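Here's the letter readout for the chains.
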Amino acid sequence: IGSSRILDIAERIVGPFVQLDSFSIVGIAVGCQAAIYWHRDPFGSVPRGTEFQRPLAMNLLIYLQDLTEDIGPLRVIPGSHRRHLIMDQQRREKPHSRERLINVRAGDGVLIHNNLVHSRSPNRSPRDRIHLSIVYSFSCMRPTLDFARPELREIVSELRAVRNPRLLRLFGEDPAAHARYN
């Protein structure tokens, strides 16, 4: 979650304003009818033009098993974070002509711009498909995580003690946010 390599990449994309937004374990059970469903992630929008737009959020997907044809690869539409792409309900549930299937290995992570159109694939294997979803957002945004929870308060207290502003910001404490954004 707070790996310095991941944080380095996120900060190169959006600047030193990254905080955790949410953390979840996502699964598609054996026999689940979950099929293709193209979407953008939270805070995602249809891009205004083809120039790069700094994401409001990034989703790190970490898969807990190899993604094969049977277990169902991640589907992405390359460049869709820079294109005006809108699909009706019927098209959202079908393969796309420009899609690319991402077959990652267990433990690999994929960092997604919140405007990138992507989808799961059906799980036709005899095992559940499970991945972690870790969403990072700007430190000025209201996160989904409640940093006042006792478990997170304990982490923040330790970060205060070592005076690490970068990690404090990651865990929702950014005293300079108001001045920076206003």
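All values derive from a computational prediction rather than experimental measurement.

A. How the structure looks around the environment of Arg91. With respect to the helices and strands, the residue Arg91 is situated in helix 2 (residues 89–92). The class for Arg91 is partly exposed, based on a relative accessible area of 40%. As a C-alpha pair, Arg91 and Asn123 span 32 residues in sequence and 20 Å in three-dimensional space. Filtering out sequence-adjacent residues up to four positions away, Arg91 remains in contact with Trp38, Leu85, Ile86 and His96.

B. Summary view of helix 1 (residues 4–14). Taken residue by residue, helix 1 has Leu7, Ala10, Glu11 and Val14 as its buried positions. Considered in projection along helix 1, the buried side chains sweep an arc of 100° and stay on one side of the axis. Set apart from the buried face of helix 1 by more than 90 degrees, the exposed residues are Arg5 and Arg12. Residues of helix 1 that are buried sit in contact with strand 1 (18–28), strand 2 (57–63), strand 7 (129–138) and helix 4 (165–170). Once helix 1 ends, the next one or two residues include Gly15, with phi positive near 95°.

C. Representation of the packing of aromatic side chains within the structure. If you walk through the whole model with that rule in mind, you get 1 aromatic pair. Ring geometry for Phe147 and Phe171: centres 6.4 Å apart, planes at 70°, overall edge-to-face. On the criterion of sequence distance, the pair formed by Phe147 in the loop between strand 7 and helix 3 (150–162) and Phe171 in the loop between helix 4 and helix 5 (177–181) is long-range, its members being 24 residues apart. Note on Phe147: relative accessible area 13%, which makes it buried.

D. Molecular detail of the sheet that holds strand 2. Read across the sheet, 4 strands follow the order 1-7-2-5 without closing on themselves; strand pairing throughout is antiparallel. Each end of this open sheet is capped by a strand with a single partner; those strands are strand 1 and strand 5 (109–113). Across this sheet, the average inter-strand angle for adjacent strands is 20°, counted without regard to direction. Bridge count between strand 1 and strand 7: 10 bridges; the pairing is antiparallel. Bridge pairing in strand 7 places Val18 opposite Phe138.

E. Inspection of the sheet that holds strand 4 (residues 100–102) at higher detail. The 3 strands lie next to each other as 4-3-6, forming an open sheet whose pairing is antiparallel. If you trace the sheet from one side to the other, it starts and ends with strand 4 and strand 6 (118–119), each paired once.

F. Examining the side chain of Ser139 more closely. Mapped onto the fold, Ser139 is located in the loop between strand 7 and helix 3. Look at Ser139 and you get buried, because its relative accessible area is 11%. Within the structure, the side chain of Ser139 is placed 2.6 Å from the side chain of Asp174, a separation counted as a polar contact. Contacts of Ser139, omitting those with residues within four sequence positions, involve Phe17, Gln19, Arg169, Asp174, Ala177, Arg180 and Tyr181.

The rules we used
All residue numbers here refer to positions counted from 1 along the written sequence of the relevant chain. Side-chain atom pairs in this predicted model are given and counted only at pLDDT of 80 or more, local residue features only at pLDDT of at least 70, and totals for whole chains, interfaces and linings cover all residues. Values reported for side chains reflect all heavy atoms of the structure, with hydrogen atoms and water molecules removed beforehand. In this description a helix means any DSSP run of H or I spanning at least four residues, a strand means any run of E spanning at least two, and both kinds are numbered starting from the N terminus. Here's how the labels work: a residue is buried when its accessible area is under 20% of the maximum for its type, exposed when over 50%, partly exposed in between, all with a 1.4 Å probe on protein chains only. Residue contacts are defined here by distance: any two heavy atoms, one from each residue, within 4.5 Å place the two residues in contact. The directions considered for the arc are those from the helix axis to the C-beta atoms. Paired rings are identified among Phe, Tyr and Trp, the last through its six-membered ring, by centres lying within 6.5 Å, and are further divided according to the angle between planes into stacked (under 30 degrees), edge-to-face (over 60) and tilted (the rest). For two strands to be treated as a pair, DSSP must find at least two bridges joining them. To define axes, lines are fitted to C-alpha atoms, for helices over the stretch in contact only, and angles between the resulting N-to-C directions are given on a 0 to 180 degree scale. The definition of a polar contact used here is a pair of N or O atoms within 3.5 Å, where within protein one atom must be able to donate a hydrogen and the other to accept one, and adjacent residues in sequence count solely through side-chain atom pairs.

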